Amino acid sequence: MEQQIEKIHIVGLGLIGGSIALAIKQEFPAITIAGYDINQSQTEIAKTLTVIDEIAADQFDGIETADIIILATPVEQTLSIIAALSSLSLKESVIITDVGSTKQKISNHAASVFGGNVQFIGGHPMAGSHKSGVIAAKAHLFENAFYILTPMEHTSRESIGILQHVLKGTKAHFVEMTPAEHDEVTGIISHFPHIVAASLVHQAGRFEDNHPVIKRLAAGGFRDITRIASSSPAMWRDILLHNKEKLLALFDDWRYEMDRVRELVDELDGDALFSYFQEAKDFRDGLPEREKGAIPSFYDLYVDVPDYPGVISEITGYLAIEEISITNIRIIETREEIYGVLRLSFQTDVDRERAQKCIEKHTDYKTFFS
Ligand SMILES: NC(=O)C1=CN([C@@H]2O[C@H](COP(=O)(O)OP(=O)(O)OC[C@H]3O[C@@H](n4cnc5c(N)ncnc54)[C@H](O)[C@@H]3O)[C@@H](O)[C@H]2O)C=CC1
Ligand SMILES: O=C(O)C(=O)Cc1ccc(O)cc1
């Protein structure tokens, strides 16, 4: 690599900024990472946890010596930071990237502000969590996830190569596309599903007055399929405001989809309804299981367990011996009061596989993925 990267400046030290910093540190401990967060306590926690090496006194303190600038703020803030960056004297070779969930508005803004003078590469690591803040940051958050890059027309191959090299520690798969394509595909598989999840919750909420039992019944499958409705309202507000055009088209498409299935129900067309579900099942069953997608997976392992006291501590005990961390645990079903299904959630696919082997080694309980 021709250009030596010595210093990286990160603005926004939350979940994503912190996770990227940790991933870079893991791979390149010699690179100095300076960081700033408008919320001073985030900056201080980031320094205490050695997520960053240096605290920048303000957004741009020391930025003129940075080789790479990473903007990891909410998308609206990213726009104003880009505008402010254009009036600073930055290194001629500086590479600027962001991590925002939307790309068209940010890329248009960068193009109008920087023109062809700056190597700006839009970025979106397509993994995350409903948690926020640096405290939730993890070096392996993006492992096996797609990391979309939306370079500008004039962005050099060399700059893209340098950025990917520096982000190697994320262990993500880099994919390049245009900002428009990015916003359309993420609209379909991430932004719109968040709207649908929130709307299902609203619908259940509206019916709750007449059916107070709804909350209790919703504790199982409904809670699972609407999990993403618990994500950050501020973040999702901003994402929707940025991706208006693509989302409006998806609302129309969804309305068509609902009308189509509504008609099948109205006409009591059992064959067509069967096909409707069969086709959806075929498409979904064909989705890759091992890649991390935009919506975080839980890496669940199911275990058929006999219904006797102490079975949970037995299993968690075996996992503890092999130092396998669980992120969630739940009995999701009891069958005839003889067997229950225990759902164990893990941070990574590797942990899940280790857990499966561990349980199979120590017990006769049947395990399965889904
Ligand atoms: N949370 C997720 O799962 C994912 C989020 N993203 C994108 O990453 C970006 C950051 O999101 P998160 O890290 O999740 O949020 P976060 O809330 O954990 O972190 C954002 C940080 O930016 C700081 N901030 C806000 N305005 C600032 C400013 N003007 N100057 C300096 N710092 C400022 C906040 O204090 C906060 O600590 C967003 O653009 C989001 O769309 C991308 C992929 C996944
Ligand atoms: O938090 C959630 O609900 C997610 O689906 C994670 C996520 C949020 C934003 C992204 O741009 C990518 C992934």
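For the structure, check the block above.
Per chain, residue numbering runs from 1 following the sequence as it is written. Chain labels run from A onward and ligand labels from 1 onward, assigned in the order the entries are written. pLDDT decides what is reported in this predicted model: residues at 70 or higher carry local features, side-chain atom pairs at 80 or more are listed and counted, and totals for whole chains, interfaces and linings draw on all residues regardless.

Participant: Provide a residue-level description of the overall build of the protein chain, including the pertinent values.
Facilitator: Of the regular secondary structure elements, the protein chain holds 13 helices and twelve strands. With the C-alpha coordinates of the protein chain rotated into their principal frame, the extents come out at 70 × 55 × 40 Å. Taken over 370 residues, the protein chain has a buried fraction of 33%. We call two residues in contact whenever the C-beta atoms placed from their backbones are within 7 Å. Sequence-distant contacts, at least 24 apart, represent 76% of the contacts inside the protein chain between residues at least 6 apart. Helix and strand definitions here come from DSSP, where helices need a minimum of 4 consecutive H or I residues and strands a minimum of 2 consecutive E residues; each element is numbered from the N-terminal end. Residues with at least 20 other C-beta atoms within 10 Å of their own are called buried, those with 12 or fewer are called exposed, and the rest are partly exposed. The C-beta atoms themselves are positioned from the backbone.

Participant: Let's hear about the site of ligand 2: which residues, and what values?
Facilitator: The environment of ligand 2 is made up of twelve residues, and the closest members are S101, G128, I228, S231 and I295. In this count, Pro and Cys sit with the nonpolar residues alongside Ala, Val, Leu, Ile, Met, Phe, Trp and Tyr, while Asp, Glu, Lys and Arg are called charged and the others, Gly among them, polar. When the residues that make up the shell around ligand 2 are grouped by side-chain class, the tally is six nonpolar, six polar and no charged. Residue ranges assigned to the domains are those given by an automatic or database domain assignment. Counting only domains with at least three residues in the shell around ligand 2, you end up with domain 1 (7-177) and domain 2 (182-285). Any residue whose backbone-placed C-beta atom lies within 6 Å of a molecule or strand is treated as near that molecule or strand.

Participant: Could you give me a rundown of unusual backbone geometry, with the residues and numbers involved?
Facilitator: Although it is not a glycine, T50 sits at a positive phi angle of roughly 55 degrees. Relative to the helices and strands, T50 resides in the loop between α2 (40-48) and β3 (54-55). Of note in this structure, N144 is not a glycine but carries a positive phi near 70 degrees. Within the secondary structure, N144 is located in the loop between β6 (119-125) and β7 (146-151). Since 16 C-beta atoms lie within 10 Å of it, N144 is described here as partly exposed.

Participant: Any chance you could break down the environment of S313 for me, citing the residues and the numbers?
Facilitator: Inspection of the secondary structure puts S313 in helix α12 (residues 311-321). Given 10 C-beta atoms within a 10 Å radius, S313 is considered exposed. Considering only alpha carbons, one finds S313 and M126, 187 residues apart in sequence, at a separation of 35 Å.

Participant: Mind laying out the sheet that holds strand β2 (residues 32-36), listing which residues take part and the relevant values?
Facilitator: The mixed open sheet is built from eight strands, whose spatial order is β3-β2-β1-β4-β5-β6-β7-β8. If you trace the sheet from one side to the other, it starts and ends with β3 and β8 (173-176), each paired once. The pairing of strand β5 (residues 95-98) with β6 spans three bridges and is classified as parallel. Note that in β6 the partner of I95 across the bridge is Q119. Any two strands with at least two DSSP-identified bridges between them are counted as paired.

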